Amino acid sequence: MSEQKTPTPTPAGDTYKGWVFKWTNYIKGYQRRWFVLSNGLLSYYRTQAEMGHTCRGTINLATANITVDDACNFVISNGGAQTYHLKASCEVERQRWITALELAKAKAARMQAESDDSGDDFSPSSPPVAPGQGGGSQNSEVQSALRTLGSKVEDLSTCNDLISKHGSALQRSLSELDSLRLTGEAGDKIRQVTERATLFRITSNAMINACRDFLSLAQAHSKRWQKALQAERDQRVRLEETLEQLAKQHNHLERAFRGAAQANASSDNKSAAGPGKGEASDEDDDNEFFDAMEEAPEFITVPADPQFHKSSSNVSGFNSEMCPDDQSLNEEPLAMNQESPSQELVPLKKRRARIPDKPNYSLNLWSIMKNCIGKELSKIPMPVNFNEPISMLQRLSEDLEYHELLDKAAKCHSSLEQMCYVAAFCVSAYSTTVYRTGKPFNPLLGETYELDRQRESGYRSLCEQVSHHPPAAAHHVISDRGWTLRQEITVASKFRGKYLSIMPLGTIHAIFEKSNNHYTWKKVNTTVHNIIVGKLWIDQSGEIDVVNHTTGDRCHLKFAPYSYFSRDVARKVTGVVMDKDGKAHYVLSGTWDEKMEFSRVMQSSRGGENGTEGKQKTVYQTLKAREVWRRNPLPEGAETMYYFTALALTLNEPEEGVAPTDSRRRPDQRLMEDGRWDEANAEKQRLEEKQRIARREREREAVSQRTSSQSEEAIDEDSLTDPSLKSAPHDNYQALWFEQCEDRITGEQVHIYKGGYWEAKDQGSWENCPNIF
C-alpha cells in the first residue's frame, strides 16, 4: 500500500481513490489494485493507467453489504454475484475506506429510492397548469429543492451517526487506558487510542466537508433551477402546438372521408346492378391489407396494391370468390379453435382431465450432472426427478395434438394450399414443449404405444422402440380422413454444462390419398437452458424444408433462436411456400408457441434493406394475413400437472386391450405419475437391468450363430462386456411391428409399419410380444 505517494481526497468528496489489496485466488493471494469510488460505484484496476480504458470490475453500493473482518480486512458483497475481499495497510486506512463506502452507499440508496418514487410528484390528482401559469412550476421547483436539501441533511445525519460511533469507541479506549497500570500493555493501548483519535478526526472532517457542500449547493442551485424550468416550459409549449396541428389534420381527413363515403353511397343507389350494403361491407373486409412485419430475417412483406384484389377473384386459393369446397376450407382456420374443443367435448369415451399433482421433491442437481458433461444423455442413469410421467413414444404421439390441420390439408384442391396446412402442422408440434422442461422416459427396447382415436378423430397411431443404442422410435399413423403420417426419429443429445442440446434425427413423411402428394421434413434442434442455475426454459432453432416430392413444391421455415438483443417477437417462425420453379405463392409467419398465419403473395421483387451478408432481401406484396393455426389453451391447473395439454393428460390413462408392451403398462412410469417417486426410481433401475441382461443374451446368441457359420472368425470374449462394442452388429434384435427397409424417397434405412398390430388387438392375440416389464 502506498497511500502516501498518491494523495487521497477526503471521504466526503464525490470520488475516493487509492491502493487496496484485493484477494484474487489461493495461488496469488492478495494483490494490490487501484480502487476508485465514484457515484455509488466501486471499481478497480490493476494500475492507475488502466482507468481510461480497462475496468476489471465494478460493484453497485446501493445494494451492497459492507462488513469488517478484523483490523485491516473488510468485505464488500452484493448478495453473492460479486464479492470483494479487501485488505488495507492499517486500521486507520481501513476505516477511511469504510467511512467513504458507508457514505457512498447511503447516498446511492437514497438516489435509487428517489428514482423509484419520481412519479409521485406528478400524480393524476394534481390539476393541470397552463404554460403561462407559474403555480405548478413553482411547486415543482420547491419539491426538487426539498429533495436535494433532504439528501444533504441525510448526509449530515450519516456523518453524525459515524461520529457518535467512533466517539463511543474512543471513549471506551480512554476509559480502559485510565484503568490500566504501568504494564507492558500500556504501549498497545496508547497506540489504539491514537488510532481511534485519528479516526474521529477523519470523520469530523468528513462532516465539515458535507456541511460545506450543503451550503455551496444551496447557493449555486438557484440558476440551475431557473434554466431547467424554462426548458421544460418551452418543450411543453412545442408539444401543445404539435398536438393542435395533428388535431386539425385529423379533423380535415375525417371530413374528407365522410364526403367520399356519401358520394360512393349515392352512386351505388343509382346503379340497379350494384351490390347491397352487406356485400359492400364484405368487399371492404377483403380489401384490408396485410401489415408488413418488422425486419423479417430473409424477406420483407408489404401490402399488395388494390389492383391485385380485383384480379385475385379468378385465382383458386384463399380468396374472396371460390368454389363451395374451397370457401369452407378458407373459413376453417379462423374457426379451428372453436371446432377442435367441440370434437373433444363429445367423445364416445370419456377421457380423464386430471392426473395427480407433481410432488415437490428437492434434489441436488449438480451432484448428478457434474459427471455427465459431454456424455450422451440416453446413456446417463437419471432419477425420475428429471422426468415427466410419459415416455418418448407418447411424446411422439403428441405431434397429433393438431391433427385437424392434416384433415383440412386432405380436403385441399391446390397443392400450394395444402403445403400451408402441412407447414402449420409441422410448427404446431412444438407448441406443447414451451413449458415442458421434464425429460420423457427412455422407452425400453420393444416397448410400444398405441393411440386409437379412430372413433373420435378418425386416426390410429402406433409407436415402437426399434433400437436402443442409438435410441430410435418408429411411428405410423393412418387416418380415415385421407392421410398417413410416418416417421422414425433418433434423438441425439448432449449436456454442455449450461444447457442441454437435443438433436432429432430422421425424416417425417405425410402422404395424402386423394392427391397422392408425398411430403417430407425434419425436426429442428431443441435447447434446454439454465440446466444448473436459474429457471429452465426451452428454445427451438433451425430451419426446416417441407418438400412435396410429387409436385416439387417447397416451404422453407426458419425458427429464429432467442436473442436478448433482438427486437423481434420471441419464438418467431417465418416461411415461404414456393412452387417447383421457385416462385413464391404464400408467406407464413407467427410463433411456434402461439399461432401461425399465412398470406397470399401477389408480387415479389428483389430490393429492400441489405441483409447482414450484403444480400438484397426479397420484398413480397401480400394480401391480408389469415390465421391457419392457434395453440389450444392449457387445462386448468396445468402448472401442477407437468404443464400437460388436454391430449397429454390422456396419453397414460389405463386402457383395456392394449399390448403388454404398451407404455401405459410400464410400472416405473405409473409409479411416478402416482407420486411415488422413490419406488419409481427403484423400479426404473430394475427395468434397465432387465433390459441389459436381455441384450447380453441376444449378443451371445448372435455370437454363437456367427461362430457356427464362420468358424474361421475369432470372437473375443471381451466383446460381450466391452461397452464400446455393444452397438456393434452382434445384436440380432428385430422389431415386432415394423420392418427395416430402404426408403424410396430419401434413400435412408428406416423402419416401416408392416401391419398386424390392430388385427392382433382385435383378436387379443399378444403371444409374440416380449416380456419387457
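Because the structure is a prediction, the values reported are computed rather than measured. Each chain carries its own residue numbering, running from 1 in the written order of its sequence. It should be noted that, the model being predicted, local features are given only for residues of pLDDT at least 70 and side-chain atom pairs only at 80 or more, the latter also being counted only at that level, while totals for whole chains, interfaces and linings use all residues. For side-chain calculations, the full set of non-hydrogen atoms in the structure is used, while hydrogens and water are omitted.

1. Things to note about the overall build of the chain
Line of reasoning, step 1. Helix and strand assignments come from DSSP, with helices taken as H or I runs of at least 4 residues and strands as E runs of at least 2, each series counted from the N terminus. Check the secondary structure of the chain and you find 16 helices and 27 strands.
Line of reasoning, step 2. Counting contacts in the chain only where the partners sit at least 6 residues apart, residues at least 24 apart contribute 58% of the total.
Line of reasoning, step 3. Summed over its atoms, the accessible surface of the chain is roughly 41500 Å², and 50% of this surface lies on carbon and sulfur atoms. The contact rule is simple, with two residues in contact once any of their heavy atoms fall within 4.5 Å. Surface accessibility follows the Shrake-Rupley procedure with a 1.4 Å probe radius. Residue values consider only the protein chains on display as shielding.

2. Quick look at helix α10 (residues 404-411)
Line of reasoning, step 1. With seven of eight residues buried, α10 is to be regarded as a mostly interior element.
Line of reasoning, step 2. Only protein chains enter the accessibility calculation, which uses a 1.4 Å probe. A residue is then buried if its area is under 20% of the maximum for its type, exposed if over 50%, and partly exposed in between. The set of residues buried in α10 consists of E404, L405, L406, D407, K408, A409 and A410.

3. A few points about the nonpolar core
Nonpolar side chains in soluble globular proteins tend to be buried together.
Line of reasoning, step 1. For our purposes a nonpolar core is just a set of buried Ala, Val, Leu, Ile, Met, Phe, Trp, Tyr and Cys residues, chained together by side-chain atoms within 4.5 Å. If you look at the biggest cluster of nonpolar residues, it comprises 65 residues, and the most contacted ones within it are W521 and L557.
Line of reasoning, step 2. With 10 residues, the top contributor of residues to this core is helix α11 (residues 415-428).
Line of reasoning, step 3. Ignoring sequence-local partners within four residues, the contact set of L557 consists of A423, C426, V427, G542, E543, I544, V546, V573, T574 and G575.
Line of reasoning, step 4. Counting residues in hydrophobic clusters, the runner-up holds 18 residues, among them F35, L42, L61 and W97.

4. Topic: empty space enclosed by the protein
Line of reasoning, step 1. Cavity means a closed set of points on a 1 Å grid over the protein atoms alone, one where a 1.4 Å probe fits but cannot get out, pocket means an open set with protein on both sides within 12 Å along at least 5 of 7 lines, and lining means a residue has an atom within 4 Å of a point. Grid points are joined across faces, edges and corners, and a volume is the space filled by probe spheres set on the points. Tallied over the entire structure, the rule returns three cavities of 30 Å³ or more.
Line of reasoning, step 2. Estimated volume of the largest cavity: approximately 90 Å³.
Line of reasoning, step 3. If one sorts the elements of the lining of the largest cavity by residue count, strand β27 (residues 749-753) sits on top with four residues.
Line of reasoning, step 4. Residue composition of the lining of the largest cavity, grouped by class: four nonpolar, six polar and four charged.
Line of reasoning, step 5. Here the second largest cavity is characterised by a volume of approximately 70 Å³. By the convention adopted, Pro, Cys, Tyr, Trp, Phe, Met, Ile, Leu, Val and Ala count as nonpolar, Lys, Arg, Asp and Glu as charged, and the other residues, Gly among them, as polar.

5. Quick word on the packing of aromatic side chains
Line of reasoning, step 1. Working definition: a ring pair exists when centres of Phe, Tyr or Trp rings (six-membered ring for Trp) sit within 6.5 Å. Plane angles under 30 degrees give stacked, over 60 give edge-to-face, the rest tilted. Per the stated rule, a full pass over the model turns up 20 aromatic pairs.
Line of reasoning, step 2. An aromatic cluster is present here, built from W737, Y757, W758 and W766 joined pairwise through their rings.
Line of reasoning, step 3. For a ring to carry a charge above it, either NZ of a lysine or CZ of an arginine must fall within 6 Å of the ring centroid while also lying within 35 degrees of the normal to the ring plane. The residue whose ring lies beneath R32 is W19, and the NZ or CZ to ring-centre distance is 3.9 Å.
Line of reasoning, step 4. In this structure, K87 packs its charged tip against the face of Y30, placed 4.6 Å from the ring centre.

6. Considering the environment of G755
Line of reasoning, step 1. You can see G755 is positioned in the loop between β27 and α16 (757-763).
Line of reasoning, step 2. By relative accessible area, which is 25% here, G755 ends up partly exposed.

7. Structural notes on the pattern of salt bridges
Line of reasoning, step 1. In the sections that follow, a salt bridge refers to a side-chain nitrogen of Lys or Arg positioned within 4 Å of a carboxyl oxygen of Asp or Glu. Taken as a whole, this structure holds 37 salt bridges when the rule is applied.
Line of reasoning, step 2. In this structure, R395 and E388 form a salt bridge, with 2.5 Å as the shortest nitrogen-oxygen distance. Exposure class is identical for R395 and E388. Each is buried.
Line of reasoning, step 3. R692 is the partner of E688 in a salt bridge, and the nearest nitrogen-oxygen pair spans 3.9 Å. One end of the pair is E688 and the other is R692, both in helix α15 (residues 677-709) and four residues apart, which spans about a single turn.
Line of reasoning, step 4. Accessibility expressed as a relative area gives 37% for R692, which makes it partly exposed.
Line of reasoning, step 5. Overlapping salt bridges bring together R351, E456, E655, D662 and R664 as one network.

8. Digging into α11
Line of reasoning, step 1. For a helix, the expected span equals 1.5 Å multiplied by the residue count minus one. If you check α11, its first and last C-alpha atoms are 20 Å apart, about what 14 residues at 1.5 Å a residue would give, namely 20 Å.
Line of reasoning, step 2. α11 sits mainly inside the fold: 14 of its 14 residues count as buried.
Line of reasoning, step 3. Any pair of N or O atoms that falls within 3.5 Å is considered a polar contact. Within protein, one atom must be able to donate a hydrogen and the other to accept it, and sequence-neighbouring residues count only if both atoms are side-chain atoms. For α11, the side-chain oxygen to backbone nitrogen distance between the N-cap and L416 is 3.3 Å, and the N-cap itself is S414.

9. Looking at the confidence of the model for the chain
Line of reasoning, step 1. When the pLDDT values of the chain are averaged, the result is 77; 73% of them are 70 or greater.
Line of reasoning, step 2. pLDDT measures how confident the predictor is about each residue, on a scale from 0 to 100. Segment residues 310-347 is flagged for pLDDT under 50; beyond a separation of four residues in sequence, or across chains, it makes 57 contacts in the model.

10. Concerning the pairing of strand β20 (residues 554-559)
One face of the sheet, then the other: side chains in a regular strand alternate in exactly this way.
Line of reasoning, step 1. Burial of the side chains of β20 is restricted to one face: C555, L557 and F559 are buried, whereas none of R554, H556 and K558 on the reverse face is.
Line of reasoning, step 2. Direction of pairing for strand β19 (residues 537-548) relative to β20: antiparallel, over a ladder of six bridges. Its bridge partner lying in β20, I544 is registered against L557.
Line of reasoning, step 3. Between any two strands, pairing holds if DSSP finds at least two bridges. Sheet topology places β20 next to strand β21 (residues 572-578); six bridges connect them, and they run antiparallel. Counted as the bridge partner of C555 is V577 from β21.

11. Some points on the sheet that holds strand β1 (residues 15-25)
Line of reasoning, step 1. Taken in spatial order, the seven strands of this open sheet run β4-β3-β2-β1-β7-β6-β5, and their pairing is antiparallel. Of all the strands in the sheet, the pair left with one neighbour each is β4 (57-60) and β5 (65-68). Direction aside, the axes of adjacent strands within the sheet are offset by 35° on average.
Line of reasoning, step 2. Both β1 and strand β7 (residues 83-87) contribute to a ladder of two bridges, which runs antiparallel. Within β7, the position partnered with K22 by the bridge is L86. Every axis corresponds to a line fitted to the C-alpha atoms, with the helix fit spanning only the stretch in contact, and the corresponding angles, defined between N-to-C directions, vary from 0 to 180 degrees.

12. Regarding a nonpolar patch on the surface
Line of reasoning, step 1. The patches described consist of residues with a relative accessible area above 30% and no salt bridge, like charges being joined within 9 Å and nonpolar side chains (Val, Leu, Ile, Met, Phe, Trp, Tyr) within 5 Å. A contiguous nonpolar patch, built from Y562, Y564 and F565 and spanning about 470 Å² of accessible area, is present on the exposed surface.
Line of reasoning, step 2. Mapping Y562 onto the fold places it in the loop between β20 and β21.
Line of reasoning, step 3. Note on Y562: relative accessible area 45%, which makes it partly exposed.

13. Thoughts on unusual backbone geometry
Line of reasoning, step 1. For the peptide bond that leads from H469 to P470, omega is 0°, which places it in the cis range.
Line of reasoning, step 2. Inspection of the secondary structure puts P470 in the loop between β12 (459-467) and β13 (472-479).
Line of reasoning, step 3. Although it is not a glycine, N516 adopts a positive phi angle of roughly 65°.
Line of reasoning, step 4. With respect to the helices, strands and loops of the structure, N516 is situated in the loop between β16 (508-512) and β17 (518-521).
Line of reasoning, step 5. Residue N516 is classed as exposed on the basis of its relative accessible area of 53%.
Line of reasoning, step 6. Not every positive phi belongs to a glycine, and R571 is a case in point at roughly 60°.
Line of reasoning, step 7. Tracing the backbone shows R571 in the loop between β20 and β21.
Line of reasoning, step 8. For R571, a relative accessible area of 28% corresponds to the partly exposed category.

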